[in-house]
Amino acid sequence: MERHRKKPIDISKDEFRKIGYSLIDSISNFIETIDEKPVTTKKTPLQLQKILGSQSLPENGTPPEELLSKATDLLFNHSLLNGHPKFLGYITSSAAPIGALADLLAASVNPNVGGQMLSPIATEIEKQTVKWLAEFIGVSPNYGGILVSGGNMANFTAFLAARTAKAPKNIKEEGLSSSSKKLIVYCSKTTHTWVEKAAILFGHGSKSIRWIPTGSSNKMNNDILEHTIKEDLENGNQPFMIVGTAGDVSTGTIDDLKAIATICKTYDLWFHIDGAYGVPAAVVPELKGLFDGIKEADSIALDPHKWLYTPLEAGCTLVKNPQHLLDTYSSHPEYYHLKDDDFSQNYFEYGLQNSRGFRALKVWLALQQVGRKGYENMICEDIELSKLLFTQAKNHPELKAVTQNLSITTFRYIPLGYTEVNNNDYLNKLNEELLNKLQSEGDVFVSNAIVKDKYCLRACIVNFRTSKKDIEEVVEIIVNLGRKVHKTLN
Ligand SMILES: *Cc1c(COP(=O)(O)O)cnc(C)c1O
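Below is a summary of the structure that appears in this document. From a predicted model like this one, the values you see are computed outputs, not experimental measurements.

For the ligand, the set of nearby residues contains 15 residues, the closest of which are Gly-151, Asn-152, Asp-274, Asp-303 and Lys-306. Between an oxygen atom of the ligand and a main-chain N or O atom of Gly-151, the distance comes to 2.7 Å. A distance of 2.8 Å separates an oxygen atom of the ligand from a polar side-chain atom of Lys-306. Expressed as a share of its isolated accessible area of 380 Å², the protein-covered part of the ligand is 84%. Looking at the shell around the ligand, the elements with two or more residues in it are α6 (151-166) and α11 (304-307). Here the element with the most residues in the shell around the ligand is α6; it accounts for 3 residues.

A few words now on the packing of helix α1 (residues 13-32) against helix α3 (residues 64-77). Packed helices, taken two at a time, are described by the angle between their axes plus the distance between the axes. The interhelical angle for the contact between α1 and α3, taken along N-to-C directions, is 10°, at an axis separation of 10 Å. Overall, the two elements α1 and α3 adopt an arrangement that is roughly parallel. Side by side, α1 and α3 meet where Glu-15, Lys-18, Ile-19, Leu-23, Ser-26, Ile-27 and Phe-30 of the first sit next to Pro-64, Glu-65, Leu-68, Thr-72 and Phe-76 of the second. Broken down by class, the residue content of the contact of α1 with α3 amounts to 7 nonpolar, 2 polar and 3 charged.

Another point: the sheet that holds strand β7 (residues 315-319). With mixed pairing, 7 strands are arranged side by side in an open sheet as β1-β7-β6-β5-β4-β2-β3. Sheet topology places β1 (144-148) and β3 (209-212) at the edges, where each strand pairs with a single neighbour. Shown here is a sheet whose adjacent strand axes are inclined to one another by a mean of 20°, direction ignored. Across 4 bridges, the pairing between strand β6 (residues 299-302) and β7 is antiparallel. Bridge pairing links Ala-301 to Thr-317 in β7. Along the sheet, helix α8 (residues 194-201) makes contact with β2 (183-188), β3, β4 (238-245) and β5 (270-274), crossing β3 at roughly 165°.

We now examine the sheet that holds strand β10 (residues 447-451). By way of backbone hydrogen bonds, the strands of a sheet pair with one another, either parallel or antiparallel. The strand order across the open sheet formed by 4 strands is β8-β9-β11-β10, and the pairing between neighbours is antiparallel. Single-partner strands in this sheet number two, and they are β8 (399-405) and β10. Across this sheet, the average inter-strand angle for adjacent strands is 35°, counted without regard to direction. Here strand β9 (residues 408-413) runs beside strand β11 (residues 454-460); their pairing, made up of 4 bridges, is antiparallel. Residue Ile-408 lies in a different strand from β11, and its bridge partner there is Cys-460. Its contacts with the sheet place helix α13 (residues 360-395) against β8, β9 and β11, and it is angled at close to 155° to β8. Against the sheet, helix α15 (residues 468-488) touches β8, β9 and β11, its axis set at about 30° to β9.

Right, let's get into the nonpolar core. By size, the foremost hydrophobic cluster in this structure holds 94 residues, and its most contacted members are Phe-159, Ile-242, Phe-291, Ile-300, Trp-307, Leu-318 and Ile-379. Of the residues that make up this core, three or more belong to each of domain 2 (111-357) and domain 3 (378-488). If near-sequence neighbours (up to four positions away) are discounted, Trp-307 is found in contact with Tyr-277, Gly-278, Pro-280, Ala-281, Tyr-375, Ile-379, Asp-382, Ile-383, Leu-406, Ser-407, Ile-461 and Val-462. Counting 28 residues, the second largest nonpolar core, distinct from the first, contains Leu-385, Leu-434, Leu-435 and Tyr-455.

Time to look at the side chain of Glu-376. Along the polypeptide, Glu-376 turns up in helix α13. Setting aside its immediate chain neighbours within four residues, Glu-376 contacts Val-283, Val-284 and Pro-285.

Turning our eyes to something else, we now look at the packing of α6 against α8. Contact geometry for α6 and α8: axes closest at 10 Å, N-to-C directions at 45°. One element, α6, and the other, α8, form an angle in the oblique class. Here the hand of the crossing between α6 and α8 comes out right-handed. Where α6 approaches α8, its residues Asn-152, Asn-155, Phe-156 and Phe-159 are matched on the opposing element by Trp-194, Lys-197, Ala-198, Ala-199 and Leu-201. Of the residues belonging to the contact of α6 with α8, the class tally is 6 nonpolar, 2 polar and 1 charged.

Cut-offs applied
- Residues numbered from 1 in each chain as written.
- Predicted model: local features only at pLDDT ≥ 70, side-chain atom pairs only at ≥ 80, totals over all residues.
- Heavy atoms only, no water.
- Near = heavy atom within 4 Å.
- Polar contact = N/O pair within 3.5 Å; in protein donor to acceptor, adjacent residues only side chain to side chain.
- Areas by Shrake-Rupley, 256 points an atom, 1.4 Å probe, with all protein chains shown as cover.
- Helix = DSSP H or I, 4+ residues; strand = E, 2+ residues; numbered from the N terminus.
- Axes fitted to C-alpha atoms, helices over the stretch in contact; angles between N-to-C directions.
- Parallel < 35°, antiparallel > 145°, perpendicular 65-115°, else oblique.
- Contact = heavy atoms within 4.5 Å.
- Nonpolar A, V, L, I, M, F, W, Y, C, P; charged D, E, K, R; others polar.
- Pairing = 2+ DSSP bridges.
- Core = buried A, V, L, I, M, F, W, Y, C linked by side-chain atoms within 4.5 Å.
- Buried < 20%, exposed > 50% of the residue type's maximum accessible area, 1.4 Å probe, protein only.
- Domains from an automatic or database assignment.
- Left-handed = near helix turned anticlockwise from the far one by under 90°.

Here's what the structure looks like:
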């Protein structure tokens, strides 16, 4: 009898080697020459649909060699290359090459890191990764946690743990109606949109968020914060959580975490830090002071796929007392036969996912390839480049430097003879149009920020490939295009 089924999905060893080697050759060339390509494709979605074709689901198979060659071609030639040295937009880093190899290895073994029985060594590697991330940012290595897909999920995971810890005990059975008091969360008005998504998704409603104004330094105004908490208490609401931001998405500002920690203690609130972007900078000894108070956080969200340069996706939730994650997420259905051994850890009990991929591997490998010191150096260099951009903008007669924090610089183009006092509306329009042009021309990619009613260009450097020369060229490109756009608008 035939021992092997005919399996259209399998690839023989020889074929796998041949295709694999060829793919690795293409990838290494791609990485080596990434700076020679435009930062982004100039094609519109309609043009891309044409290139892709509109054929329907294939009835029969195609040899993998042909498919991979075609997919490689499509991706290399029609992508936005966030690994390009002049990609400075949003907060997406150049991906560490070791991460690509790690994902290949992880997918090949395919451990399901939901249960330790299904992922014996992968679970241990994830535990070690979580511990190292805690050490990296300078909190106790006894923090526990879990790798998730990104910052949003890391914050959601913490949000629910905070709620379980602070809401009435029967919330798990009765839901939000277990209490007549409205559960309230506090955060600065610069907080990322995740908090709104969380409040809506988890049934609190967006009106349960108190968006606290920021002061002149762009930090949450902690006097108003405390006043608002008192007001809520008087009105019969139940404050449960304060979110401090360590590096806000627009300008990189870090809230006064120490003061927030104190307010959390006074009112018995959960202290969460959203450090998705900025918290890795705590690895730099000279910057430690900015993160004062971090050790008191009940939970912290961070994103290895941002400033630790791992490829998408990798986020992490750290929790001071990991029992809060178990209290929130653990359940024991009868169809799981998982050994209850004191040393095993089943990650499905620590977060929202059940089956889980091995995201930790790429983070674990990058942390070892680079080391704490290596990361400190790269993060410092990114910050130095950001400061260089700020200085260049400040010294240029047609640019205005607006803010500089961590590795984010905001600035705007101002034609000679124009002033912010007299021409702000026009300058907003001009800079928005300039950004559109910059993003479509593909020489450099920056994004935008609105700082005190000013439309600004914004460069965030989480890119180990960016050099001083790139920054100088970026300034030149922006000024030249700024002049052109100004001309077309007049
Ligand atoms: C990027 C970011 C997020 C969202 O993270 P994703 O990885 O995009 O889901 C949340 N908060 C802050 C401060 C961020 O910088």
